[in-house]
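# Summary of the model geometry
Read off the chains here:
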Amino acid sequence: MAGLWDAALRGEAAVRRAALAAVDAALLEGVLMRTEAEPNASDVVSFAPFTLLPSAVPSALFRQAYAVQQDFNLLVDAISQDREFLERALASTVKVDDFTARLFRIHLQVLEEGLAQSVFLGINRSDYMFDCGAPGAPALKQIEINTIAASFGGLASRTAAVHGRVLKELGMAEEASRLLPNNPSEGLASGIAKAWELYGSRSAVVMFLVEEVQRNIFDQRCVENELWNRNIRVIRKRFRDVFEKGSLDEARRLYMDGQEVAVVYYREGYVPTNYNQQNWEARLLLERSRAVKCPDIATQLAGTKKVQQELSRPGTLEKLLPGRTEAIARIRATFAGLYSLDVGEEGDKIAATAIANPDQFVLKPQREGGGNNLYGEELRQVLEKIKDSPERTSYILMDKIQPQPTRNYLLRAHSPLKASECVSELGIFGVYVRQGKELVMNEAAGHLLRTKAVEHADGGVAAGVAVLDTPYLV
Ligand code: ADP
Ligand code: MG
């Protein structure tokens, strides 16, 4: 297909020059990651992988994605407060998926005790692809919504400047000036700051709960800096620190090393490997506390793939968002086909269809972080094996979205420069704050475009598959 930048890319020398300038611009702007060799040290760091050129995004779909974000914020918030819905939606999953079951048990336990938390902060990212599978214009289809540890808002705030520099290098100053400003760091920090303020203790800190391996620390530091600029103290701790040094007082205020914690911002805790027994205990302590958890465990559960699939059933959105006809229509327009594999006739039928047409579907377990989904022949084999066992209910099926590939260069440290056929995924960050029953903030807070080579069916930036990109609206 004729690409947006074909004319500018004629000539290998020009591409090489642009790539050199691009990498230096990324370092200058702070589009950084720690290295695989030294994931917990900043002595030597590298650039986070990114595309040489911005990718074309249809402006109507871009606007549509922004326009539906506040609706998705409302929806996630509603699900998180609906105990019966979560219980019903996840009933079959918790029987077969131990991780979801453990999260769910903590959810019930804190509800039984009674919530000490009264301020709620949601930071999510709704991800989309542009589906060209049906005739006519491409359609915006949601891949998933991430309700915990949605990352790359920090680095995405700095990527447009890099692509602006590249376009200028290639003689396209006019195009460079059309790149949109984007600042999720600021938006995310506004939500955290609002929650901190409503918590109501000026001496309390914000705690970033971080992983043992912290390659993506600069992405987090972008948000952290915004908080320090507002004179809000930030501490970075791991589950094991919470296990060793965390405590609750009689009012269930959370203390770390004697410091009161107002907000816990999770950048950890979304996959089974994040947990051992001590970490589960630490998680429970945090959830029981009065501190604002971003997200609380109910909101994490609202982001499971099983819940996503249940939302697509007729009538479900109407129950969760009563009276909000327009919001429901906007949300539903972004849904791809989603199918339950629960035991029964409905599941039998769709399993048989997917086995017969594996290239039209994606098989998804209840996992996050990339690299878990199954496609094509592998999907067929796995589904064939589990189709008669309850194990199949730990998966959902989804229609495979078919984006139009375009040519770009993916820049990675120590990788040769070569053109790839690529597809992109657009994420919109959502931020909301609720105090008791009153929503006091509900915003779309910026975007993230990630691009990967078509040969990779799955995986994000942290998984080493996708790279950072900037939308160029067409
Ligand atoms: P994870 O929680 O692991 O990020 P996702 O649902 O986002 O799970 O899937 C991971 C990746 O797989 C996505 O970034 C996308 O590239 C690809 N993918 C997921 N669902 C689909 C789909 N329905 N059609 C095409 N590709 C998909
Ligand atoms: Mg994803």
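Details of the structure are given in the entry above.
Below: a short report on this structure. (Residues numbered from 1 in each chain as written. Chains lettered and ligands numbered in written order. Predicted model: local features only at pLDDT ≥ 70, side-chain atom pairs only at ≥ 80, totals over all residues. Heavy atoms only, no water.)

### Focus: the overall build of the protein chain
Selection criterion: Runs of E in the DSSP output that reach at least two residues are strands. Runs of H or I that reach at least four are helices, and both are numbered from the N terminus. Radius of gyration here uses only the C-alpha atoms, and the compact-globule reference equals 2.2 Å multiplied by the residue count raised to the power 0.38. Summary of the burial criterion: residues with accessible area below 20% of their type's maximum are buried, those above 50% are exposed, and those between are partly exposed, where the area comes from a 1.4 Å probe applied to protein chains only. Contacts were defined at the residue level, with two residues in contact if any of their heavy atoms lie within 4.5 Å.
Scanning the protein chain from N- to C-terminus turns up 17 helices and 21 strands. The C-alpha radius of gyration computed for the protein chain amounts to 22 Å, which stays within 12% of the reference 23 Å derived for 474 residues, consistent with globular compactness. On the principal axes, the C-alpha backbone points of the protein chain span a range of 70 × 55 × 45 Å. Burial analysis of the protein chain (474 residues in total) assigns 59% to the buried set. Long-range contacts, defined here as pairs at least 24 residues apart, represent 74% of the contacts in the protein chain between residues at least 6 apart.

### Examining the site of ligand 1
Applied cut-off: A molecule or strand has a residue near it when one of that residue's heavy atoms lies within 4 Å. Polar contact criterion, stated in full: a pair of N or O atoms within 3.5 Å, where within protein one must be able to donate a hydrogen and the other to accept it, and residues adjacent in sequence count only if both atoms are side-chain atoms.
Neighbouring ligand 1 are 21 residues; K305, K364, G370, E425 and K452 lie closest to it. Contact between ligand 1 and G370: an oxygen atom at 2.6 Å from a main-chain N or O atom of the residue. Between ligand 1 and the protein, one listed contact pairs a nitrogen atom with a backbone N or O atom of I401 at 2.8 Å. Contributions of two or more residues to the shell around ligand 1 are made by strand 6 (139-146), strand 14 (361-365) and strand 16 (395-399).

### Let's talk about helix 8 (residues 184-199)
For clarity, the cut-off: To estimate the expected span of a helix, count its residues, drop one, and scale the result by 1.5 Å.
The end-to-end C-alpha separation of helix 8 is 23 Å, in line with the 22 Å expected for 16 residues at 1.5 Å each. Within helix 8, 12 of the 16 residues are buried, which leaves the element mostly enclosed by the surrounding structure. Those residues of helix 8 that sit buried are P184, S185, G187, L188, A189, S190, G191, I192, A193, A195, W196 and Y199. Positive backbone phi, at 90 degrees, marks G200, one or two positions downstream of helix 8.

### Focus on the sheet that holds strand 16
Our working definition: Strand pairing is assigned whenever DSSP identifies at least 2 bridges connecting the two strands. Note on geometry: axes are lines fitted to C-alpha atoms, helical ones only across the stretch in contact, with angles between N-to-C directions running from 0 to 180 degrees.
Reading across the sheet, the 4 strands line up as 13-16-14-15 and stay open at both edges, with antiparallel pairing between neighbours. In the strand order of this sheet, the two ends are held by strand 13 (338-340) and strand 15 (374-375), each with one partner. Sheet contacts for helix 16 (residues 345-356): strand 13, strand 14 and strand 16; angle to strand 13, the most-contacted strand, approximately 125 degrees.

### Structural notes on the packing of helix 8 against helix 9 (residues 217-229)
Put simply, the test is: An angle counts as roughly parallel when it lies under 35 degrees, as roughly antiparallel when it exceeds 145, as roughly perpendicular when it falls between 65 and 115, and as oblique in every other case. We call a crossing left-handed when the near helix sits turned anticlockwise from the far one by less than a right angle, and right-handed when that turn is clockwise.
At a minimum axis separation of 9 Å, helix 8 and helix 9 run at an interaxial angle of 55 degrees. Comparing their axes, helix 9 and helix 8 come out oblique. The chirality of how helix 8 crosses helix 9 is right-handed. Across the interface between the two elements, S185, E186, L188, A189, I192 and A193 of helix 8 pack against C222, V223, E226 and L227 of helix 9.

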